[in-house]
Amino acid sequence: MEKEYDLIIVGAGPAGLTAGIYAARADLKTLLIERYGAGGQILNTYEVDNFPGFPGVTGAELGDKMSEHLDKFDVTRLMTEVSSIDFAEGANKVNTDDGTFTAKAVILATGNSPRKLGIPGEAELTGAGVSYCATCDGAFFRKRTVAVIGGGDVAVEDAIFLSRGCEKVYLVHRRDELRAAKILQKALFEIPNIEVVWDNIPKEIKGAAEGSVKGLQIANVKTGEEKVLDVSGVFIATGNDPNASYTDALEKDEKGYIIADESCKTSLPGVFAAGDVRSKRLRQVTTAVADGANAVYSAQEFLI
């Protein structure tokens with residue numbers, strides 16, 4: 001395998017795969033490095049219903065389609081782990097378990113990872129009633145009862161969003177007050193089919209043996225009393241962590257996301273950020289795909 005490229009793309013979610021397609025069409029000598037295979041977080045979503053042109057497609061199917069599309073082009077793909085990146089204008093060195101590769105430009109499309117609860121049933125039921133994205137999966141729970149776990153802006157926004165289609169929404173929070181903005185709290189408390197369950201933490205998501213969520217066991221942090229909420233969906237909104245462990249040289253926001261505007265240019269020349277690792281308002285498949293295209297366009301300008 002060659003060691004020098006025009007462009008190295010790190011990550012094979014929707015942003016990385018799109019970047020690969022655009023890079024190939026731009027006739028850039030490109031290496032795409034993927035860690036677990038193509039698709040990124042959409043592989044954890046049973047059904048994707050908001051990607052234009054593919055209503056009802058599963059996350060795995062959509063990831064496969066994007067990957068197959070990329071395979072039609074001349075892009076070198078390597079499945080390995082990136083250990084570090086040495087950024088240097090015109091000669092960025094990407095260090096992996098399979099050696100070091102050099103590129104004039106780098107696109108970081110490493111995504112982020114939902115902060116897990118680490119409770120029984122969570123891993124087994126992810127994509128089968130357990131979700132980390134209400135706007136992605138909320139439509140599948142219309143007229144049903146669900147629980148949202150968290151107390152910040154995202155959790156409250158998720159509860160409000162879900163309340164429009166769900167019969168009932170429990171908002172489970174470990175404290176006796178929310179961290180969300182007051183204007184969001186005001187809106188939340190005015191919605192009749194939302195019930196806030198104060199001072200409780202999740203202990204177990206029931207239904208692993210059946211293959212779908214059958215309930216949420218919670219415990220009161222003050223009394224120790226436990227009970228099971230009768231829900232068919234659990235939305236976890238306790239935060240996300242960007243996959244940006246080897247990007248200390250780049251400017252980031254307070255949450256650790258790489259700062260880049262819609263051109264995807266970062267604080268270093270020749271280094272671009274695309275998809276969920278980028279600091280932005282909305283993280284969806286559609287916005288990741290847009291980032292992938294923009295990042296390559298910016299990379300082309302840099303290389304010229």
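Everything discussed here concerns the structure shown above.
Rules used throughout
- Residues numbered from 1 in each chain as written.
- Predicted model: local features only at pLDDT ≥ 70, side-chain atom pairs only at ≥ 80, totals over all residues.
- Heavy atoms only, no water.
- Axes fitted to C-alpha atoms, helices over the stretch in contact; angles between N-to-C directions.
- Helix = DSSP H or I, 4+ residues; strand = E, 2+ residues; numbered from the N terminus.
- Left-handed = near helix turned anticlockwise from the far one by under 90°.
- Contact = heavy atoms within 4.5 Å.
- Nonpolar A, V, L, I, M, F, W, Y, C, P; charged D, E, K, R; others polar.
- Core = buried A, V, L, I, M, F, W, Y, C linked by side-chain atoms within 4.5 Å.
- Buried < 20%, exposed > 50% of the residue type's maximum accessible area, 1.4 Å probe, protein only.
- Polar contact = N/O pair within 3.5 Å; in protein donor to acceptor, adjacent residues only side chain to side chain.
- Pairing = 2+ DSSP bridges.

Describing the packing of helix α1 (residues 14–25) against helix α7 (residues 285–303)
Then comes step 1: Relative orientation of the contacting elements α1 and α7 amounts to 35 degrees, with a least axis distance of 7 Å. By crossing handedness, the relation of α1 to α7 is classed as right-handed. In contact with P14, A15, T18, A19, Y22 and A23 of α1, α7 contributes V285, A288, V289, G292, A293 and V296.
Then comes step 2: Here the residues of the contact of α1 with α7 are counted per class, giving ten nonpolar, two polar and no charged.

Digging into the nonpolar core
Then comes step 1: If you look at the biggest cluster of nonpolar residues, it comprises 31 residues, and the most contacted ones within it are L7, L17, L32, L62, I107 and F272.
Then comes step 2: The set of elements that each furnish at least two residues to this core consists of β1 (4–10), α1, α2 (59–71), β6 (99–108) and α7.
Then comes step 3: Among the elements that take part in this core, α1 stands out by supplying six residues, more than any other.
Then comes step 4: In terms of nonpolar packing, the next biggest core, distinct from the first, is built from 22 residues, V94, F101, L108 and Y246 among them.

Quick word on the environment of R115
Then comes step 1: Relative to the assigned elements, R115 resides in the loop between β7 (112–114) and α3 (122–125).
Then comes step 2: Taking relative accessible area as the criterion, R115 reaches 34% and is therefore assigned partly exposed.
Then comes step 3: For the pair R115 and K265, spaced 150 residues apart in the sequence, the C-alpha separation amounts to 27 Å.
Then comes step 4: Setting aside chain neighbours within four positions, we find R115 in contact with Y132, I236, T238, G239, N240 and D241.
Then comes step 5: Within the local environment of R115, its side chain forms a polar contact with the backbone oxygen of T238, the two atoms lying 2.8 Å apart.

Focus on unusual backbone geometry
Then comes step 1: For D27, which is not glycine, the phi torsion reads 60 degrees and is therefore positive.
Then comes step 2: Mapping D27 onto the fold places it in the loop between α1 and β2 (30–34).
Then comes step 3: For D27, a relative accessible area of 68% gives the class exposed.
Then comes step 4: Despite not being glycine, K143 shows a phi value in the positive range, around 65 degrees.

As for the sheet that holds strand β8 (residues 130–131)
Note on sheets: strands pair through backbone hydrogen bonds, and any given pair is parallel or antiparallel.
Then comes step 1: Taken in spatial order, the five strands make up an open sheet running β8-β15-β9-β10-β11, and their pairing is parallel. The strands lining the two open edges of the sheet, one partner per strand, are β8 and β11 (194–197).
Then comes step 2: Pairing geometry for β8 and strand β15 (residues 233–236), over two bridges, is parallel. In the sheet register, S131 faces β15, and the bridge partner there is F235.

Considerations on the pairing of strand β4 (residues 82–86)
Then comes step 1: For β4 and strand β5 (residues 92–96), the ladder comprises four bridges, and the chain directions are antiparallel. Looking across to β5, one finds that V82 is bridged to T96.
Then comes step 2: Hairpin connection of β4 to β5: five residues between the antiparallel strands, including G90 at a positive phi of 85 degrees.

Considerations on the environment of I191
Then comes step 1: Assignment of secondary structure puts I191 in the loop between α6 (182–189) and β11.
Then comes step 2: The class of I191 is buried, set by a relative accessible area of 18%.
Then comes step 3: Separated by 72 residues in the primary sequence, I191 and I119 have C-alpha atoms spaced 29 Å apart.

Examining helix α5 (residues 153–163)
Counting along an α-helix, one turn takes 3.6 residues, and residues three or four places apart therefore face a common direction.
Then comes step 1: Listed in full, the buried residues belonging to α5 are A155, V156, D158, A159, I160, L162 and S163.
Then comes step 2: Those residues of α5 hidden inside the fold are in contact with α4 (134–137), β9 (145–149), β10 (168–172), α6, β11 and β15.

Regarding the environment of S113
Then comes step 1: Relative to the assigned elements, S113 resides in strand β7.
Then comes step 2: A relative accessible area of 27% places S113 in the partly exposed class.
Then comes step 3: In this structure, the C-alpha to C-alpha distance between S113 and I236, residues 123 residues apart in sequence, is 12 Å.
Then comes step 4: Here S113 is in contact with Q41, N240, D241 and N243, once residues within four sequence places are set aside.

Details of the sheet that holds strand β13 (residues 215–220)
Then comes step 1: A sheet is described by the order of its strands in space; here three strands give the open sequence β12-β13-β14, paired in antiparallel fashion. Here the strands that pair on one side only, and so sit at the sheet edges, are β12 (200–206) and β14 (226–229). Adjacent strand axes in the sheet meet at a mean angle of 30 degrees when their direction is disregarded.
Then comes step 2: Across six bridges, the pairing between β12 and β13 is antiparallel.

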